[in-house]
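Each chain is listed here by its residues.
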Amino acid sequence: MSTILPINIDDLLHFRGVESSRVEFKKSWNEGPTGQQILRTICAFANDLQNLNGGYVILGVEEEHGLAKLPPADLSPEEIAKAQTWIRGRCNTLDPVYQPIFSPEVVEGKHILVVWAPGSDTRPHQAPEGSEKTGRKYFARIGNETVEAKGAILTQLIQLTAKVPFDDRRALGVPVEKIREAKVREFLADIHSGLLDEPDAREIYRRMQISSRVNGHDAPRNIGLLLFSDDPEEWFRGAHVEVVQFADDASGNVIEERVFRGPLQQQIRDALAYLRTFSARHLEKLGDRPEVRDWVSFPFPAIEESLVNALYHRSYEGEPEPTKAYLYSDRLEVISYPGPVPGIEARHLQPGAMIPPVPARNRRIGELLKELRLAEGRGTGIPKIFRAMQQNGSPPPRFDFDDARTYFRVTLPAHPEYLTISALRDAAHLRALGDESGGRQRLRRALNEQPGSGTLAAALIEDFARTGDLDAARRTLDLLMSTAHTDHVSRAITALSKAYFNADRIQEAKAILDQLPRGED
């Protein structure tokens, strides 16, 4: 395991916790074309156009079909030494000067060299196009390629001049001791980093770039406080998660409210553990086939992705509002502040659409959450939410934000069958409290929302039958039968037939039974 890199070398080689666009492989080393390509790629990673915190050049590993070909090709100790000397010297020709981090590694008994180029605090940088006499050019990383930054790309890069994302800025005036060594070492253990063997905590902080030297002293960066302090809210107002469950009534009463604090990864894990209880699995036997259909009220992968994205992409710079998860009887809303960064439009949040490669708001939060396997690769989160909802048989998710981009909201509609179960449970509870009218209104409201639900129609028919209002019961069945898409219609037919039998209206009961569809469960 690497004792220099914060990421596990095996994860790096297999793109676990880091996108493939942030890794470039070179089978061998030479000072000619390979050296010049590496210099331009280092310049592009340092410029960090998309705020992903740069990337890695790996010497001694061949690329095959976009993946690392293992075992490595192997570099001699002399080649590694020459490569470091040459790259270090040529990086002094970048404008402004920039130096990457070198980490010689041994993988499967073979020697390789990892050149780590984090996003720079002094971007944008220029690199010589060829020799120093031919002039310098800006370079950027677009997908898996290093390209010259021209036109709109150059304009976007220039706009990032000396602009460090908030989560990567130094927290001047905050003692580095606010970073808790135990939390850092827990993180390193979780990602299987060799840095765990380093005895000096401050050296670990510097190598992880969660602190930096300022006037001879160590100062924490905001990312260090967000992920490795006891309470990030000491410096970042609203840096917590609120989960609120609302009652299904007009008053909007709160049933339960939970607040999750601590480092961001702890907030995510604790809030998700709580929200998982609302993702209960249901099994249903299908009468006309041997299979059992299963579904959940809210698919957990969609919940997880929505919450993680909310904490990843929100702002921690002066935003007092917490990240919120609101649970209603028919939906779950996850809300973060402010809205998406410029360049993201509503059309990019539709099924099958591609998220444009605009700079991320937080380059370090996303990087570390990915290393913990809590976040997905860039641009994969929204498709994952759509896919999870579709596979569960749930309505599609909705994404919205206002024109001023003050908020971003993900709405996960509940599974239709969950809405039915919830309505039946609420109605039974109201009747148990003596509120017969309230129970009936709850069923009516649910049936209006799901006019094809035979289960709800049957419950409402039974409720009318208890009061002797068989005409209202019959109208309920007629309305259901007029709906183009219905389910479990036999339940409603059976309920009304039973009501007629109990009222000694035998002929009407038989006529109703004749409407039973053949082969229906």
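Keep in mind that this is a model prediction, so the values were computed, not measured.

So, how was this worked out
Residues numbered from 1 in each chain as written. Predicted model: local features only at pLDDT ≥ 70, side-chain atom pairs only at ≥ 80, totals over all residues. Heavy atoms only, no water. Helix = DSSP H or I, 4+ residues; strand = E, 2+ residues; numbered from the N terminus. Pairing = 2+ DSSP bridges. Axes fitted to C-alpha atoms, helices over the stretch in contact; angles between N-to-C directions. Contact = heavy atoms within 4.5 Å. pLDDT = per-residue confidence, 0-100. Buried < 20%, exposed > 50% of the residue type's maximum accessible area, 1.4 Å probe, protein only. Polar contact = N/O pair within 3.5 Å; in protein donor to acceptor, adjacent residues only side chain to side chain.

On to unusual backbone geometry, then. The omega torsion across Leu70 and Pro71 is 0°, close enough to zero to call that bond cis. As for its position among the elements, Pro71 is in the loop between strand E4 (67–69) and helix H3 (77–91). Pro96 follows Asp95 through a cis peptide bond whose omega is -5°. Here the phi dihedral of Arg405 falls at roughly 55°; this positive angle occurs in a residue that is not glycine. On the secondary structure map, Arg405 appears in the loop between strand E18 (398–400) and strand E19 (408–413).

So, about the sheet that holds strand E9 (residues 145–148). Pairing within the open sheet is antiparallel, and its three strands lie in the order E7-E8-E9. Strand pairing shows two members of the sheet lacking a second neighbour, strand E7 (126–128) and E9, which therefore form its edges. Recorded for the sheet is a direction-independent mean angle of 50° between the axes of neighbouring strands. With respect to the sheet, helix H2 (residues 33–47) is in contact with E7, strand E8 (136–142) and E9, its orientation differing from that of E8 by roughly 70°.

Once that is clear, we can look at the confidence of the model for the chain. Residues of the chain with pLDDT of at least 70 account for 93%, and the chain-wide mean is 90. Within the chain, the lowest mean pLDDT, 62, falls on strand E14 (residues 281–285), and the highest, 98, falls on helix H7 (residues 222–228).

Moving on: the sheet that holds E19. Read from one edge to the other, the open sheet built from six strands follows the order E13-E12-E16-E17-E19-E18, with strand pairing classed as mixed. Since the sheet does not close on itself, it has two edges, and those belong to strand E13 (254–260) and E18, each with one partner. Mean inter-strand twist for the sheet, computed between neighbouring axes without regard to direction, equals 15°. Two elements, strand E17 (residues 331–336) and E19, share six bridges in a ladder whose sense is antiparallel. Paired with Glu333 across the bridge in E19 is Thr411. Contacts between helix H9 (residues 300–313) and the sheet are confined to strand E12 (241–246), strand E16 (323–327), E17 and E19, with E17 contributing the most and set at about 15° to the helix.

The next thing to look at is the pairing of E16. Among the five residues that make up E16, five are buried, leaving the element largely enclosed by the rest of the structure. The alternating pattern of E16 places Thr323, Ala325 and Leu327 on one face and Lys324 and Tyr326 on the opposite face, and all of these are buried. Summarising the sheet, E12 and E16 pair through five bridges and their orientation is parallel. Within the sheet, the bridge partner assigned to Val244 lies in E16 and is Tyr326.

What follows covers the environment of Asp168. Relative to the assigned elements, Asp168 resides in the loop between helix H4 (151–159) and helix H5 (181–190). Exposure remark for Asp168: the relative accessible area of 2% places this residue in the buried category. For Asp168, the residues in contact, after removing those within four places along its chain, are Asn53, Asp121, Gln209, Arg221, Ile223, Arg363 and Arg364. A distance of 3.0 Å separates a polar atom in the side chain of Asp168 from a polar atom in the side chain of Arg364.

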